[in-house]
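Letter by letter, the chains look like this.
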Amino acid sequence: MNTYEVPSRVPRAQRAEAAGHPLPILPDYAMRSRFTSFDAGAVRGVSRESALFELIYDAYRNSAVPQVVEHDPAYEQLVRLLLLEDGWDGHTAPSPSRASVDVARVVLQEAARCEGLSGPPRITADVEGGVAIYFFGGDPLPDGGVPRQAGVLINNDGEGVLYMRDRRDAGSKVEELQNDSATVKAALGRIAKFLSEG
Amino acid sequence: MRDRDEPIPSSETLYRWISVGDVNGDEVLPHAIDLARTSVNRDKYWDDPAGSPPFTKEKNGLATTCEDRFPTDVVLNEVGYEFFTFDLPENDNDAHAEIRSGRKPTKDRPGGDRPDGKKPGSAAAKATLRTKLAEVMTVHPARPPR
């Protein structure tokens, strides 16, 4: 994750600009008024664009002093997934839900802190709805891939499963995963260990 | 549109459009499998898989399988599951068919879950079935010759 230190007393919009943030900047009062609707529990019926807006900007809302504005490709990929429409695969694939993206964010936050996970994760929409996050490990195989693949598959209800596979063996390991940070952290630790042994 | 043509021979090649994000080497990743109805194109009714334009800008590669390769003896939570093909020609795609899954036929349920199929209840069981089908699909870096 790339982070940029920004002085904390500068208005948020200017801080983002100073950090070279590529996303559009709106006045602070506009951000607050939109957040209010989410804070009030008015998520039901909120438009997709509004949800996207909130997702983009809550990094600022949640940032602590000293202010750090995060620019994370993985985070931006989640935003792109949220923009997908139903049928994005050319068939009937549902678009990723907000619930699945929220869980994916927890996974990515913990992954960024997990020392054993090197290299960027692959983050993609799931054809059954939801988000899939993969990590890969091991020396390259003749087919251009690598032997070990593992990750978390999150469905549109926000339910996650841990997935691990060594392509040199038959079968995969799949386990249901609770969405709390501690469980996700432990699961990612297992993934890191699994990949490192490849 | 042609009439339905079943049974699909167990050795007939079935093609699935995939994107680069769906693969690791020559293997398909489980998020690219739709357990209820994985869309495929039948070899018998697809004139030129190697020369066809991409399905979408992203889905520009092909993976193949056939019924002979489908996983067997799949038991999850003491329930047997199977994969089967369902011929489903479309107005703009005569070759279209689907791979579906459901509970195996039993004495009490001689038809199993055919033809509609049925997903298992738990998220882990669903994911397990998806991984099993993904593992029997083979990615072709170049479009496969016939």
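None of these values were measured; they are calculated from a predicted model. (Residues numbered from 1 in each chain as written. Chains lettered and ligands numbered in written order. Predicted model: local features only at pLDDT ≥ 70, side-chain atom pairs only at ≥ 80, totals over all residues. Heavy atoms only, no water.)

S.K.: Please explain the interface of chain B and chain A as it appears in this structure.
M.R.: Often, the extent of an interface is quoted as the loss of accessible area on bringing the components together. Taken together, the contact pairs 30 residues of chain B with 30 residues of chain A. Each partner contributes to the roughly 2300 Å² buried at the junction of chain B and chain A, and carbon and sulfur atoms together form 52% of this total. Sorting the residues of chain B by area buried against chain A places B:N24, B:E27 and B:H31 first, and these three jointly supply 23% of that buried surface. Remark: the boundary between chain B and chain A carries seven salt bridges. (Contact = heavy atoms within 4.5 Å. Buried area = accessible area lost by both parts, 1.4 Å probe. Salt bridge = Lys/Arg side-chain N within 4 Å of Asp/Glu carboxyl O.)

S.K.: I would appreciate a short explanation of the sheet that holds strand β5 (residues 148-154) of chain A in the present structure.
M.R.: Sheet strands associate in pairs through backbone hydrogen bonding, adopting either a parallel or an antiparallel arrangement. All names here are of chain A. What the five strands build is an open sheet, ordered β3-β4-β5-β6-β7; its pairing is antiparallel. A strand with exactly one partner marks an edge of an open sheet, and here the two such strands are β3 (122-125) and β7 (173-177). Ignoring strand direction, the axes of neighbouring strands in this sheet form an average angle of 20 degrees. Strand direction decides the pairing type here: β5 and strand β6 (residues 160-166), joined by seven bridges, are antiparallel. Bridging from a neighbouring strand, A150 pairs with M164 of β6. Against the sheet, helix α4 (residues 73-82) engages β3 and β4 (131-137), with an angle of about 5 degrees to β3. Strands in contact with helix α5 (residues 98-113) are β3, β4 and β5; relative to β4, the strand with the most contacts, it is inclined by about 25 degrees. (Pairing = 2+ DSSP bridges. Helix = DSSP H or I, 4+ residues; strand = E, 2+ residues; numbered from the N terminus. Axes fitted to C-alpha atoms, helices over the stretch in contact; angles between N-to-C directions.)

S.K.: Sorry, what's going on with the packing of α4(A) against α5(A) here?
M.R.: Pairs of packed helices are described in terms of their axes, by the angle between the two and the distance that separates them. Residue and element names in this part refer to chain A. Taken N-terminus to C-terminus, the directions of α4 and α5 make an angle of 170 degrees; their axes are 10 Å apart at the nearest point. Comparing the axis directions of α4 and α5 gives the class roughly antiparallel. Mapping the contact onto sequence places A74, Y75, L78 and L82 in α4 and R98, V101, A104, R105 and L108 in α5. Among the residues making up the contact of α4 with α5, the classes are represented as seven nonpolar, no polar and two charged. (Parallel < 35°, antiparallel > 145°, perpendicular 65-115°, else oblique. Nonpolar A, V, L, I, M, F, W, Y, C, P; charged D, E, K, R; others polar.)

S.K.: What is the right way to look at the pairing of strand β4 (residues 38-42) of chain B in this model?
M.R.: Sheet faces and side chains relate simply in a regular strand, where the side chains alternate between the two faces. Residues and elements named next belong to chain B. The element β4 is extensively covered by neighbouring structure, given that five of its five residues are classed as buried. Burial along β4 is two-sided: T38, V40 and R42 and S39 and N41, pointing in opposite directions, are all buried. Across four bridges, β4 lies against strand β8 (residues 96-103) in antiparallel orientation. Counterpart to S39 in the pairing with β8 is E98. (Buried < 20%, exposed > 50% of the residue type's maximum accessible area, 1.4 Å probe, protein only.)

S.K.: Even after reading the chapter, I still don't get the pattern of salt bridges, so can you show me in this structure?
M.R.: When the charged atoms of two side chains with opposite charge come close together, those side chains can pair. Applying the stated criterion to the full structure yields 27 salt bridges over all chains. With a shortest N-O distance of 2.9 Å, A:R167 and B:D26 are connected by a salt bridge. Taken as a pair, A:R167 in the loop between β6 and β7 and B:D26 in the loop between β2 (23-24) and β3 (27-28) lie in two separate chains rather than in one. If you follow the salt bridges from partner to partner, you end up with A:D143, A:R165, A:R167, B:D26, B:E27 and B:E135 in one network.

S.K.: Sorry if this is basic, but what is going on with the packing of α5(A) against helix α6 (residues 181-196) of chain A here?
M.R.: All names here are of chain A. Running from N to C, α5 and α6 cross one another at 55 degrees; their axes reach a closest spacing of 9 Å. By the criterion of interaxial angle, the relationship of α5 to α6 is oblique. Judged by the twist between their axes, the crossing of α5 over α6 is right-handed. On α6, the residues touching V106, V107, E110 and A111 of α5 are S181, V184, K185 and L188. Partitioned by chemical class, the residues of the contact of α5 with α6 number five nonpolar, one polar and two charged. (Left-handed = near helix turned anticlockwise from the far one by under 90°.)

S.K.: Would you explain α4(A) in this entry?
M.R.: Three- or four-residue spacings in an α-helix give side chains the same orientation, since the helix completes a turn every 3.6 residues. Burial within α4(A) is extensive, with seven of its ten residues counted as buried. Taken as a whole, α4(A) has its buried residues at A:A74, A:Y75, A:E76, A:L78, A:V79, A:L81 and A:L82.

S.K.: Can you walk me through the nonpolar core in this structure?
M.R.: Side chains that are nonpolar tend, in soluble globular proteins, to be buried together. Judged by nonpolar contacts, the single largest core of 30 residues is most densely connected at A:L117, A:I133, A:L188 and A:I191. Sort the elements by how many residues they give to this core and α6(A) lands first, with seven residues. In this structure A:L117 touches A:A111, A:F135, A:L188, A:I191, A:A192 and A:L195, once residues within four positions along its chain are discounted. Residues B:V28, B:V40, B:I99 and B:A125 belong to the second largest nonpolar core, which totals 24 residues. (Core = buried A, V, L, I, M, F, W, Y, C linked by side-chain atoms within 4.5 Å.)

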